[in-house]
Amino acid sequence: RAPYVHAATIIEGGARGMFDRTLVRILRHRIKAVLQIQCLARGVNARVYCARLSDQQKQHAAASLMARIYRGHAGRVRMHRKRALVHHAHAAAKIVDVRNLFPSDLMELAEAIALPLVDSTRPFPPAAVLGLMRIVVTVLGSEQAGDTVASFSRI
C-alpha cells in the first residue's frame, strides 16, 4: 500500500502544480489585459489633455495677437490726434501772433479787465484770458527792449 500512496502523492502534486501554473498563467493574462487597457486609457487621457492645452495656447496666442494689433492701432490713432493737435496749435499760434493784434483788440481787452474794477456787477475775465494777457504784455515788452518774438515761440 505504501507504493500506491507514494504514487498518488506524486500524481496529486503534479496535478496541483499543473492547476496552479494554469491559474497563474490565466492571472498573468488578465493582468496583462488590464495593463493594456490602463495604458490605452492613459494615452487617450494624455491626448485629450494635450489637445485642450494646445487649444488654450492657440486661444491665448490669438488673444495676444488681437491685443497687440489693437494697442498698435490705438497708438497710431493717439499719435495722429496728437500730431493734428500740434498742427492746429501751430496754426492758431500763427493766427494769434502778437504782431497781428490790432490796437482796437488791445483796447477791448483792457476794457474787459478795467470794467469789473469800476462796476462790481461785471465779472472778471477768465483766468486763461488773464494769463494770455500776461504773455502778450511780456512779448510786447520784450519787443520794445529789442528781443525777438522767436525766443517766445515755445510759450
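What counts, and where the lines are drawn
Residues numbered from 1 in each chain as written. Predicted model: local features only at pLDDT ≥ 70, side-chain atom pairs only at ≥ 80, totals over all residues. Heavy atoms only, no water. Helix = DSSP H or I, 4+ residues; strand = E, 2+ residues; numbered from the N terminus. Contact = heavy atoms within 4.5 Å. Areas by Shrake-Rupley, 256 points an atom, 1.4 Å probe, with all protein chains shown as cover. Patch = residues over 30% accessible without salt bridge, like charges linked within 9 Å, V, L, I, M, F, W, Y side chains within 5 Å. Salt bridge = Lys/Arg side-chain N within 4 Å of Asp/Glu carboxyl O. Buried < 20%, exposed > 50% of the residue type's maximum accessible area, 1.4 Å probe, protein only.

Some remarks on the overall build of the chain
Reasoning step 1: Within the chain one finds 3 helices and 0 strands.
Reasoning step 2: Along the chain, from the amino end to the carboxyl end, the secondary structure elements read α-α-α.
Reasoning step 3: Look at the contacts in the chain between residues 6 or more apart in sequence, and 30% of them connect residues 24 or more apart.
Reasoning step 4: Carbon and sulfur atoms make up 66% of the accessible area of the chain, which amounts to about 13,800 Å² in all.

As for a nonpolar patch on the surface
Reasoning step 1: Judged by side-chain polarity, Phe 19, Leu 23, Leu 27, Ile 31 and Leu 35 come together as a nonpolar surface patch covering roughly 500 Å² of accessible area.
Reasoning step 2: For Leu 23, the location among the structural elements is in helix H1 (residues 2-95).
Reasoning step 3: The class for Leu 23 is partly exposed, based on a relative accessible area of 40%.

A few points about the pattern of salt bridges
Reasoning step 1: Counted under the stated rule, the structure contains 1 salt bridge.
Reasoning step 2: A salt bridge links Arg 16 to Glu 12; the shortest N-O distance between them is 2.3 Å. Taken together, the residues span about one helical turn, with Arg 16 and Glu 12 both in helix H1 at a distance of 4 residues.
Reasoning step 3: For Arg 16, a relative accessible area of 47% translates into the label partly exposed.

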